[in-house]
Structures are given as structure tokens and as C-alpha cells.
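Notes for the structure review
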Amino acid sequence: MQIKDQVTLVVGAASGIGAETARHFSSLDAKLILFDKNGKDCKALAKELKATSYEVDITVEAQIKNALDELTQSYGAPRILINCAGIAPARRIVGNKGVMPQAEFEQVIDTNLLGCFDVMRQIAGLMSKLDPLDEYQQRGVIINTASIAAFDGQAGQAAYAASKSAIAGLTLPAARDLAKYGIRVMAIAPGVMNTPMLAAMPEDVRKKLEIVVPFPKRLGVPREFATLAQHIVENDYLNGEVIRLDGALRMPHEV
Ligand SMILES: NC(=O)c1ccc[n+]([C@@H]2O[C@H](COP(=O)([O-])OP(=O)(O)OC[C@H]3O[C@@H](n4cnc5c(N)ncnc54)[C@H](O)[C@@H]3O)[C@@H](O)[C@H]2O)c1
């Protein structure tokens, strides 16, 4: 699918991977809409990119619906969804601070899995009613963000890994569900990317993570995610798959 002039929604656009993806798709002349619960930074980026922003917490179904109702009236339904919002608090099931509270596990699942799914579900409904673009009836593309923690989560990542492996796991059945409507579903599983999420980790942990990447021996950069997302949108034969973006990194059990 060509990107130019397509209504493109980037969720989690106020920071890191989402912000860089928004910048990249803006440079490709997408009609850009940005969602984030951090309304202030999202609005500032939208102003810079001449895009439209909505303050949306993806764990609140009505906030997603209201923003989608409003933007659909002005721009039409999105044909491209790039779901980047996520949180990654680390905590062991039993550790220095005692037993992990159930609420901490639930918060990660609420955002990374249920929130991501809710955005995808609501948008898929809207996309399914759009006119097809080509002889194969293509209507849209959905890209979710998993993580290599979906496959080799480290100590302290039980909640995060559970949420991201669910994103990886739903990719194929979602692609199969939506095939009838000409909607492709893909996921990108980044390794260790240099973003504010990672900056929250102690410096020595970040250095250790960098060293274990086989090649190139550095952290990934958000632009590498953004250009992969571009390729996924443009390559119509990519569907139902999770692509690792990790310099061949396989996480050790802890760093
Ligand atoms: N940075 C990494 O190393 C890495 C590795 C693998 C996967 N990922 C995934 O990539 C995605 C982006 O991560 P990042 O590193 O850019 O993080 P980030 O913290 O820089 O950005 C995440 C964005 O998501 C937004 N967000 C969080 N909860 C939200 C909610 N409930 N509703 C709406 N917006 C919400 C935040 O406000 C923030 O702007 C996440 O899904 C993350 O799990 C990151």
C-alpha cells in the first residue's frame, strides 16, 4: 500500500519509537493522526509535523472511541495503524520488595495487551467499511509492537513478556480474521532500542545490554523501527508475521 495521503494513526506517539515513526511517516506525506496519554508532548509533536493529536489513554475504551469518532468525521477512517504505546516496569515475582502485587501485573496487561487490542479492534471495524484500494480488495494495515521479551523475557519481565507474547500470538489469528476485509496485521518485535523507556534503566544495565548484541554492537534506534514499519506498509505480501528487529540479540536470563 502506498503511504502518501493515507490517514495514518500512530498510537504512543509522544515519545521514543512512536514519535520517530510519526516523524518518518510525516516525511512520507501520510495524513498523520497521533494518540498518546501524554497529551502535552503529543500535541507539541503534532504541531511540529502539522498533524492532529488526541489525548487518549488506551486503557479507557470510551476515550479511544470518542477520538476515533471525531477523527473519522474530519479525515475518514485510518488505513494505517501503528500501535506503539506501552509500558515496561521491571519486577520479579518474588524479589527484594516482596511478592509482586497482582495489580502491577494487571497494569502491564491492561496497557500492552488490552489497550493495544482495543485500538486494533475498533480501528479494524472502521477500516473494514472503507472502499478497497486495489483488485485484491486491500483496505488497511495494522502494525502492533511486540518485543523480543515475547520470546526470551528476562528475570523481572514476567508481566511485560506475558503482554508482548500475547501481541505476538494474536498476530496470525488477527490476520486470518481480517483477511476477509483486506486488512493485513503484522507485529514488530524490537530488541533493545535507545528510547526514553530504556533511559529509565540504570546506566550499567544499559551498557551490559549493548554488549550482548551480536551485531551491530549498539542499541537499536527508533528510526530502524520506523523504516521497517514503512516497508511493512509498502510490501503487500507481508501479513500475519512477527519480525524481530534486534541485531541477532537473544536475551540472557538476566543482565
Ligand atoms: N525501547 C525498547 O528497548 C523496546 C524494546 C522492545 C519493545 N518496545 C516497545 O516499543 C513501544 C514503544 O516503546 P518506547 O521505547 O518508545 O517507549 P516510550 O516510553 O519512549 O514511549 C511509550 C509511549 O507510550 C505512551 N503510553 C503508555 N501508556 C499509554 C496509554 N495507556 N495510553 C496511551 N499512551 C500510552 C507513553 O505516554 C509514551 O509516549 C512499547 O510498546 C514498548 O514496549 C520497546
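Below you will find a few notes about this structure. (Residues numbered from 1 in each chain as written. Predicted model: local features only at pLDDT ≥ 70, side-chain atom pairs only at ≥ 80, totals over all residues. Heavy atoms only, no water.)

Quick notes on the sheet that holds strand β8 (residues 183–190)
Where we set the bar: For two strands to count as paired, DSSP must find a minimum of two bridges between them. Helix numbers and strand numbers start at the N terminus; a helix is a DSSP run of H or I with at least 4 residues, a strand a run of E with at least 2. Axes here mean lines fitted to C-alpha atoms, for a helix over just the part in contact, with angles spanning 0 to 180 degrees between N-to-C directions. Residues are treated as being in contact if the distance between any of their heavy atoms lies within 4.5 Å.
Within the open sheet, the seven strands sit side by side as β3-β2-β1-β4-β7-β8-β9. Their pairing is parallel. Two strands in the sheet have a free side with no partner beyond their single neighbour: β3 (52–55) and β9 (242–245). In this sheet, neighbouring strand axes are inclined to one another by 15° on average, regardless of whether the strands run parallel or antiparallel. When strand β4 (residues 80–83) meets strand β7 (residues 140–145), the two strands line up parallel, connected through four bridges. Bridge assignment links Ile-80 to a residue of β7, and that residue is Val-141. Across the face of the sheet, helix α1 (residues 16–27) comes into contact with β1 (7–11), β2 (31–36), β4 and β8 while running at roughly 170° to β2. Each of β7, β8 and β9 touches helix α6 (residues 158–179); the most contacted strand, β8, lies at about 165° to it.

Quick notes on the environment of Lys-37
Turning to its location among the elements, Lys-37 is positioned in the loop between β2 and α2 (39–49). Sequence-distant contacts of Lys-37, defined by excluding residues within four places in its chain, comprise Glu-55, Val-56 and Asp-57.

Points about the pattern of salt bridges
Heads up, the condition is: Salt bridge, as used here: a side-chain nitrogen of Lys or Arg that lies within 4 Å of a carboxyl oxygen of Asp or Glu. When accessible area is computed with a 1.4 Å probe and restricted to protein chains, residues below 20% of their type maximum are described as buried, those above 50% as exposed, and intermediate ones as partly exposed.
Counting across every chain of the model gives 14 salt bridges. Of the charged contacts, one joins Asp-118 and Arg-121 as a salt bridge, the two residues approaching to 2.8 Å between their closest N and O atoms. You can see Asp-118 and its partner Arg-121 sitting in helix α4 (residues 102–127), three residues apart, about one turn around the helix. Take Asp-118: its relative accessible area is 10%, and that puts it in the buried class. One salt-bridge network, in which partners are shared between bridges, spans Asp-152, Arg-244, Asp-246 and Arg-250.

Section: the site of the ligand
Counted only if it meets this: Throughout, near means a residue has at least one heavy atom within 4 Å of the molecule or strand. Within 3.5 Å is the distance limit for a polar contact, defined as a pair of N or O atoms, with the added protein rule that one can donate a hydrogen and the other accept it, and that residues adjacent in sequence qualify only through two side-chain atoms. Accessible surface area values rest on a Shrake-Rupley calculation with a 1.4 Å probe, where residue burial reflects the displayed protein chains alone.
What surrounds the ligand is a group of 30 residues, the closest being Ser-15, Ile-17, Asp-36, Tyr-160 and Thr-195. In this structure, an oxygen atom belonging to the ligand sits 3.4 Å away from a main-chain N or O atom of Ala-85. Coverage of the ligand by the protein chains reaches 92% of its 830 Å² of free accessible surface. Every element with two or more residues in the shell around the ligand is listed here: α1, α6 and α7 (196–199).

A few points about the side chain of Thr-195
Within the secondary structure layout, Thr-195 lies in the loop between β8 and α7. In this structure Thr-195 comes out as buried when scored by relative accessible area, which is 11%. When sequence neighbours within four positions are dropped, the list of residues in contact with Thr-195 reads Gly-16, Ile-17 and Pro-222.

Here we look at the packing of aromatic side chains
Our working definition: Pairing of aromatic side chains here covers Phe, Tyr and the six-membered ring of Trp, requires ring centres within 6.5 Å, and sorts the geometry by plane angle: under 30 degrees stacked, over 60 edge-to-face, intermediate tilted.
Considering all chains together, one arrives at one aromatic pair under this definition. Between Phe-35 and Tyr-54, the ring centres sit 5.8 Å apart and the planes meet at 75°, which makes this aromatic pair edge-to-face. With Phe-35 in strand β2 and Tyr-54 in strand β3, the pair connects residues that are 19 residues apart, well separated along the chain. Looking at Tyr-54, the relative accessible area reads 11%, which means it is buried.

Some points on the side chain of Arg-91
Of note, Arg-91 is situated in the loop between β4 and β5 (94–95). According to the relative accessible area criterion, Arg-91 is buried, its value standing at 14%. For Arg-91, the side chain forms a polar contact with the main-chain oxygen of Lys-97, separated by 3.0 Å. When neighbours within four sequence positions are excluded, Arg-91 is seen to be in contact with Lys-97, Gly-98, Val-99, Met-100, Pro-101, Glu-104 and Gly-156.

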